[in-house]
Amino acid sequence: MATFHREPVGKFALQGRRFLRALSCCAQVAVLVGCGEDGSAASPQRAGDAGTDAGEAARFSPADCSEVRLADPDEGVECGWVTVPRDHGQPKRETLDLAVAVLKATGAQPAPDPIVFLQGGPGASGVERIFERYRSDMLAYWRKTRDVVLFDQRGTGANRPDLDCPEYDAAFLAAWSEPLSRDEEIAMLVEAMRACHARLVDAGVDLRVYTSPQSALDVGDIMRALGHSDYNLYGVSYGGRLALTVMRDAPEGVRSVVLDSPVPIGPKRSFAHNAEAAFKVLDAACTADSKCAATYPKLERTLAETATRLDREPLSVASTARDARPLIVNGPRALISLFGAMYVRNVAVWLPLAITQLSQGIPGVWGTYVNGYVDEVARTRYTEAMAYSILCSDDYPFESMTHGRDLAAVSAPYNSLDQFDFQTLGACAFWNVRAPDPKENETVRSDIPALILSGSLDPIAPHAYAEEIGKSLSRSQEVFFKGIGHGVVRTMTGEDVPRCAERMTQAFYDSPTDPLDTSCQADIPDIAWGGAL
């Protein structure tokens, strides 16, 4: 069952603080960021808010970058809004305005075909968040030869209407302060989403138009409005699924595609299934290292036994938030907090120590993971309603029928993580989306040149997804990175790993049909596990 994922962020002071902030999407039925009454500039009333005629072609309206929540841009950044139909099936009715930022190339002779960044989530800002986190890393690297186009997908970031669900955030924080049973926690969070859904519908928001096919058509409109006939896509995580949708529904002008840790269209494993497999991969990686194996023997067994015990005897850990109640950590809550650490290599290296400390009841590293996860879920704004609209329309009608069979193959205690899937199932039962086209459950076939990247430590978009996607893309190349997590390009910009993936993507965009030189993989060092080795 597909779930959507929020990044676990926190004050991890060991080695990977910067990388912990860059984690993409730890699983939980809620997701990423936004701003509002916390002091950020509110978006102005725009034509799309009032419902103007969309019969004309998509158009770009320049604006100050503060309007799209992009702070401190350099001189080569141009911001504005692109007006698109609210419903591409009824293009002559109401419109939406989408926030856009064009990062101009810094090289003397840039290529004419820009790179369009498709953000993951779903539900994350594609302008503010991406620029803030990667302006000096992957974006700067790509801008040496090409413009990079960032945009907020409909329902996210600076766009209106605001599909954030503060009801969910409040319920989540309250739940983690109580020793709730699995069913009690599911019911509490589903009811919070019911309240958010009712509020938005009462305000006149049509949640049925927030789908991957609608967003895919937005991409083509944005690029036409910017005057580009040819362009390249970069999609990470859910952004990979969106890229596949563009390749299927709006391929005109798409020159090449990079799918980084992509989520496929069609059948997927449950979250619990992926979690169990991810922890077993972690155990195998530690076992393969003689020092890690000697220091942390039987790691996965220790984790499983500890999570089972925590269901009977939850631990309490102090919250790092001011005036907050202690956090109650049972088995599923411990597993989800540790799961998120696998996204980024410099954070994952401390997992064996964290699991060992958890088994001994010592807060240490795992306490930091827990606080980081809770802080990101409950105290950052993110458009949960947009994410549920996509999940309930793209995946729920198909995966609700196969969910039970997949979970039957998951062993304890990991099967307890089905609660995150059941939160989605519970909300989708009343979300009232349109019936999806059967193609939303079918593999995408395309001859557009594609580069597919995956990492061995990726817990949510495993290598098997990349392999399956590549089978139906006739001109695809796949590169598998050992010891790398979720979002290969953005997690290979640190001091301990070479910028191998950046160089590969740049070479691919320059010559998308030529075989890639992957020799830089040999320069990736073995994982240096943290702790007393």
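Colleague: I'd love a proper account of the packing of aromatic side chains, names of residues and values included.
Modeller: Enumeration over the complete set of coordinates arrives at 14 aromatic pairs. Aromatic pair Phe 172 and Trp 176: ring centres 5.5 Å apart, planes at 35 degrees, arrangement tilted. A relative accessible area of 0% means that Phe 172 is categorised as buried. Its relative accessible area of 0% is what places Trp 176 among the buried residues. Residues Phe 271 and Phe 339 carry aromatic rings whose centres are separated by 4.8 Å and whose planes lie at 70 degrees to one another, so their mutual orientation is edge-to-face. Within this pair, whereas Phe 271 is found in helix 9 (residues 271-287), its partner Phe 339 is found in helix 12 (residues 331-340), the two being separated by 68 residues in sequence. Taking the relative accessible area as the measure of exposure, Phe 339 reaches 0% and is therefore buried.

Colleague: Describe the pattern of salt bridges, with residues and values.
Modeller: According to the stated counting rule, one finds 30 salt bridges in the structure shown. The residue Arg 135 makes a salt bridge to Asp 72 at a minimum N-O spacing of 3.9 Å. In this pair, Arg 135 sits in the loop between helix 3 (128-134) and helix 4 (138-142) while Asp 72 sits in the loop between strand 3 (59-63) and strand 4 (77-85), placing the two residues 63 residues apart along the sequence. Residue Arg 135 is classed as partly exposed on the basis of its relative accessible area of 29%. Between Arg 154 and Asp 218 there is a salt bridge, with its nearest N and O atoms 2.7 Å apart. With Arg 154 in the loop between strand 7 (148-151) and helix 5 (166-175) and Asp 218 in helix 7 (residues 212-225), this residue pair connects regions lying 64 residues apart in the sequence.

Colleague: Break down the state of the cysteines for me, with residues and values.
Modeller: All chains considered together, the criterion is met by 5 disulfides. Taken in sequence order, the bonded cysteines of the protein chain link in the pattern 1-2, 3-4, 5-6, 7-8, 9-10.

Colleague: Report on the nonpolar core, specifying residues and quantitative values.
Modeller: Core analysis: the largest hydrophobic core is formed by 112 residues, its most contacted members being Phe 172, Leu 233, Phe 279, Leu 338, Phe 339 and Tyr 369. Per-element accounting of this core gives the leading share, 8 residues, to helix 15 (residues 364-379). Beyond its immediate sequence surroundings of up to four residues, Leu 233 is in contact with Val 116, Leu 118, Val 219, Ala 243, Val 246, Val 254, Ser 256, Val 257, Val 258 and Tyr 509. Counting 42 residues, the second largest nonpolar core, distinct from the first, contains Trp 81, Ala 99, Phe 117 and Tyr 509.

Colleague: I'd like a description of the pairing of strand 4, backed by residues and values.
Modeller: Of all 9 residues in strand 4, 8 are buried, a share of seventy percent or more. Where strand 3 meets strand 4, 5 bridges bridge the pair, whose relative direction is antiparallel. The residue of strand 4 that forms the bridge with Pro 62 is Gly 80.

Colleague: Describe the side chain of Asn 232, listing the residues and the values that go with them.
Modeller: In this fold, Asn 232 is placed in strand 8 (residues 231-236). Residue classification places Asn 232 among the buried positions, given a relative accessible area of 0%. Among the polar contacts made by the side chain of Asn 232, one reaches the side chain of Arg 255 at a distance of 3.0 Å. A polar side-chain atom of Asn 232 sits 2.7 Å from a polar atom in the side chain of Ser 256. Discounting residues that sit within four places of it in the chain, Asn 232 has contacts with Asp 113, Pro 114, Ile 115, Val 116, Arg 146, Arg 255, Ser 256 and Tyr 509.

Colleague: How would you sum up the sheet that holds strand 13 (residues 476-481)? Please name residues and give values.
Modeller: Pairing between the strands of a sheet is mediated by backbone hydrogen bonds and can be parallel or antiparallel. Read across the sheet, 9 strands follow the order 3-4-5-7-6-8-9-12-13 without closing on themselves; strand pairing throughout is mixed. Only two strands of the sheet have a single partner each, and these edge strands are strand 3 and strand 13. For this sheet, the mean inter-axis angle between neighbouring strands, taken without regard to orientation, is 25 degrees. Pairing between strand 12 (residues 450-455) and strand 13: 6 bridges, direction parallel. Residue Leu 451 lies in a different strand from strand 13, and its bridge partner there is Gln 477. Along the sheet face, helix 7 touches strand 3, strand 4, strand 5 (95-103), strand 6 (115-118), strand 7 and strand 8 and points at about 125 degrees away from the line of strand 4. Lying over the sheet, helix 20 (residues 500-510) contacts strand 6, strand 8, strand 9 (254-260), strand 12 and strand 13, oriented at roughly 160 degrees with respect to strand 9.

Colleague: A description of unusual backbone geometry should follow, citing residues and the corresponding values.
Modeller: In this model, Gly 121 is joined to Pro 122 through a cis peptide bond whose omega is -5 degrees. Phi is positive for Ser 237, which is not a glycine, with a value near 60 degrees. Tracing the chain through its elements places Ser 237 in the loop between strand 8 and helix 8 (238-249). Notably, Ser 261 is not glycine yet its phi reads approximately 50 degrees, a positive angle. Examined against the element boundaries, Ser 261 turns out to sit in the loop between strand 9 and helix 9.

Colleague: Residue-level account of helix 12, with values.
Modeller: Burial analysis of helix 12 places 10 of its 10 residues in the buried class, the great majority of the element. Buried residues of helix 12: Gly 331, Pro 332, Arg 333, Ala 334, Leu 335, Ile 336, Ser 337, Leu 338, Phe 339 and Gly 340, and no others.

The rules behind these values
- Residues numbered from 1 in each chain as written.
- Predicted model: local features only at pLDDT ≥ 70, side-chain atom pairs only at ≥ 80, totals over all residues.
- Heavy atoms only, no water.
- Phe/Tyr/Trp six-rings, centres within 6.5 Å; stacked < 30°, edge-to-face > 60°.
- Buried < 20%, exposed > 50% of the residue type's maximum accessible area, 1.4 Å probe, protein only.
- Helix = DSSP H or I, 4+ residues; strand = E, 2+ residues; numbered from the N terminus.
- Salt bridge = Lys/Arg side-chain N within 4 Å of Asp/Glu carboxyl O.
- Disulfide = S-S within 2.5 Å.
- Core = buried A, V, L, I, M, F, W, Y, C linked by side-chain atoms within 4.5 Å.
- Contact = heavy atoms within 4.5 Å.
- Pairing = 2+ DSSP bridges.
- Polar contact = N/O pair within 3.5 Å; in protein donor to acceptor, adjacent residues only side chain to side chain.
- Axes fitted to C-alpha atoms, helices over the stretch in contact; angles between N-to-C directions.

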